[in-house]
Every structure is written in C-alpha cells, then in structure tokens.
Amino acid sequence: MKALFALTGLIALIWIFPHFWYNKADPSVVSQWLDVRTNVAGWRFENVAVDKSAERLLVADRLHNGEFVPASAGRRTAPPVRVFAAWRLKEDPREIGLFVHTPDRCWVQSGWDIESTAPEVVTVPVHGRDLSFERRIFANRGQRELVYFTGLVAGQTLPYRLDHNLSVSRRVVGSGADDRVHKANRWNDSLLWRRVVESFLSRRPLRGPKQFLRISTPLDDGVAAADRRLREFLPLWLEPEHAGAAH
C-alpha cells in the first residue's frame, strides 16, 4: 500500500511540476500577440490553402497562409513575399507541439536543402518590439528562398532559439539521406537537448497559447535585396493585435 501511495505521489508530482516551474513571465518583455494584414499598399494578397496533412499536424486554431505579389507599377519586377502564421490558443498534451515542425525540419523533409549562410539569427524592429527571427536559405531544383521564422508564447518572444532541428537537418542534407529527419537522428542531437536545458533554466512557459510566424521570398535579385525586402515587409504584414482579438 505504501508503494502505491508513493507511486501515486510521484505521478502527481510529475504532472504538477511543469505547471509550477514554467510560469515565469519576463517583465522586461512586451506581452502582446501580433495579428496579420492582407491589405498592404502596392501588394496584392493571394490566399494559399494549407496542405491537409500539414494542417492535421499543426492542429492550429487559426491559420494564415499565402503570398503577396506586386500590384503597383513600381514593384512589378519584385519577387513575391510568402507568409504563414499559425495560432494555437489552448495546449493539448496529446498533440504535437506547434514549434516542432519548423522549416528546418518540414522543408528538409519536403526535399529542400539548407545552404550555409550567416547570420543565422536576425533582429527586426516591428512596431516597437525587437523580434528575433531564425534566418535560413533553402534550395530546391534551382529555386532558392530566404526564410525568416519565429514564435511567441503567451504573447512574449522566446528566451531560446527555434533552431532545435537545424543541426540534424544539415547533417542529413550533407549525407544525402533519403529518409531525411527521423526520430533516431533527432534524439541524439546535442543542440536539441541544449535548447531543452535553456528552456528549463529560463522557467518561461512551454505550454500555453502559441503563435508561429514565417515569412520568405525568392532570391531572384540577390541575398541583400531579399533581406531588405523581408525587413521592410514585416512591419507591413504584422501589427499589434487588439485586446481579445485572438481569443
């Protein structure tokens, strides 16, 4: 009987501990969701349906996916800007995490290769907030794309990077592996576990309402021009969300 009580207490402790530990908000970090716009002057938004299999994996409460194409004469030669946003307002422990399938993983699994580039992280001012984005260049059959992505938890930026899939994806791309990213080569990756430790030490929430943002553009006119286009476009696409708009 004592063993049963001890086992029950241990299970209860394991269940309660994350709720107790991961509850620290950073008072120096703004807590506000970001909404998305489709009416950007000089650009026309075209909605793109999310693949059903991807939609099932994300289990998002709200999805926004599409691309902006130049609509004004002065921009007609500019490449498009592709955008994606997902919101999950309630955490379900039975579902895969919203931040698990970053482009480092899902794009590589779809056949894209990751090119070496620097910097891997950029900070972009967006309506008074400095947002940190992972920065990548992906290539597939002659097409090259510059990609920025980031996440928010409870309206706050993350205290750790979303690069937990990066080293694995680089390794499998370099080896030419057909199966790309799978569980075996993820669980033995030191970078993944380093991010887990950083998250634990920060005590910032892992669970709770989340928002994932991705923006990209082809490298038709060069890397510098693509970086400039994404930096300029982010404040046009994103805006501070009005209270209660996502809930």
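The numbers attached to residues start from 1 for each chain and follow its sequence in the written order. The model is predicted, so local features are restricted to residues of pLDDT at least 70 and side-chain atom pairs to those at 80 or more, both for listing and for counting; the totals for chains, interfaces and linings are taken over all residues. To obtain the side-chain values, all non-hydrogen atoms of the structure were used and water was disregarded.

Draft legend 1. The arrangement of the pairing of strand β8 (residues 143–153) in detail. Burial status follows relative accessibility: with a 1.4 Å probe on protein chains alone, a residue under 20% of its type maximum counts as buried, one over 50% as exposed, and anything between as partly exposed. Under the DSSP-based scheme used, a helix requires at least four consecutive residues in state H or I and a strand at least two consecutive residues in state E, with every element numbered from the N terminus. Taking burial as the measure, the 11 residues of β8 include nine buried ones, the bulk of the element. In this description, strands pair whenever DSSP reports at least two bridges between them. Bridge count for strand β7 (residues 129–140) against β8 is seven bridges, and the pairing is antiparallel. Considered in β8, the bridge of Glu-134 is made with Phe-149. The hairpin turn running from β7 into β8, its antiparallel successor, is two residues long, and Arg-141 in that turn takes a positive phi close to 55°. Sheet topology places β8 next to strand β10 (residues 210–218); nine bridges connect them, and they run antiparallel. Opposite Tyr-148, over in β10, you have Ile-215 as the bridge partner. Hairpin connection, β8 to strand β9 (residues 156–157): the antiparallel pair is bridged by two residues, and Ala-154 has positive phi, about 55°.

Draft legend 2. Here's a closer look at the confidence of the model for the chain. Each residue gets a pLDDT score, which is the predictor's confidence in that residue and runs from 0 to 100. Confidence in the prediction for the chain averages 76 pLDDT; 63% of positions are at 70 or higher. Throughout, a residue-residue contact means that at least one pair of heavy atoms, one from each residue, lies within 4.5 Å. In this model, residues 9–18 is a region of pLDDT below 50 whose contacts with residues beyond four sequence positions or in other chains number one contact. Confidence drops under a pLDDT of 50 for residues 182–189, and excluding neighbours within four residues, the segment shows 17 contacts in the predicted structure.

Draft legend 3. Spotlight on the nonpolar core. The set of buried Ala, Val, Leu, Ile, Met, Phe, Trp, Tyr and Cys residues whose side-chain atoms join them within 4.5 Å is what this entry labels a nonpolar core. Judged by nonpolar contacts, the single largest core of 29 residues is most densely connected at Phe-68, Tyr-148, Ile-215, Leu-234 and Trp-237. Those elements that place two or more of their residues in this core are β1 (34–36), β2 (43–47), β4 (81–88), β6 (121–126), β7, β8, β10 and α7 (223–237). Contact partners of Tyr-148, with chain neighbours within four places excluded, come to Val-122, Val-124, Phe-133, Glu-134, Arg-135, Leu-213, Arg-214, Ile-215, Asp-227, Leu-230, Arg-231 and Leu-234. If you look at the next biggest cluster of nonpolar residues, it comprises 19 residues, including Val-50, Leu-98, Leu-162 and Leu-166.

Draft legend 4. Geometry of the environment of Asn-165. Its place among the elements puts Asn-165 in the loop between β9 and α4 (166–175). For the pair Asn-165 and Pro-103, spaced 62 residues apart in sequence, the C-alpha separation works out to 8.6 Å.

Draft legend 5. Looking closely at the packing of aromatic side chains. Think of it this way: a Phe, Tyr or Trp ring, Trp meaning its six-membered ring, pairs with another when their centres are within 6.5 Å, and the plane angle makes it stacked under 30 degrees, edge-to-face over 60, tilted otherwise. Enumeration over the complete set of coordinates arrives at eight aromatic pairs. For the ring pair Phe-45 and Phe-68, a centre distance of 5.0 Å and an interplane angle of 55° mean the geometry is tilted. Of this pair, Phe-45 sits in strand β2 while Phe-68 is found in strand β3 (residues 62–70), placing the two residues 23 residues apart along the sequence. Through a chain of ring-to-ring contacts, three or more aromatic side chains come together here, namely Trp-43, Phe-45, Phe-68 and Phe-233.

Draft legend 6. Seen up close, unusual backbone geometry. Across the junction of Ala-118 and Pro-119, the peptide omega takes the value 0°, indicating a cis bond. Its identity as a non-glycine residue notwithstanding, His-127 has a phi of 55°, on the positive side. Backbone geometry places Ala-154, a non-glycine residue, at a positive phi of 55°.

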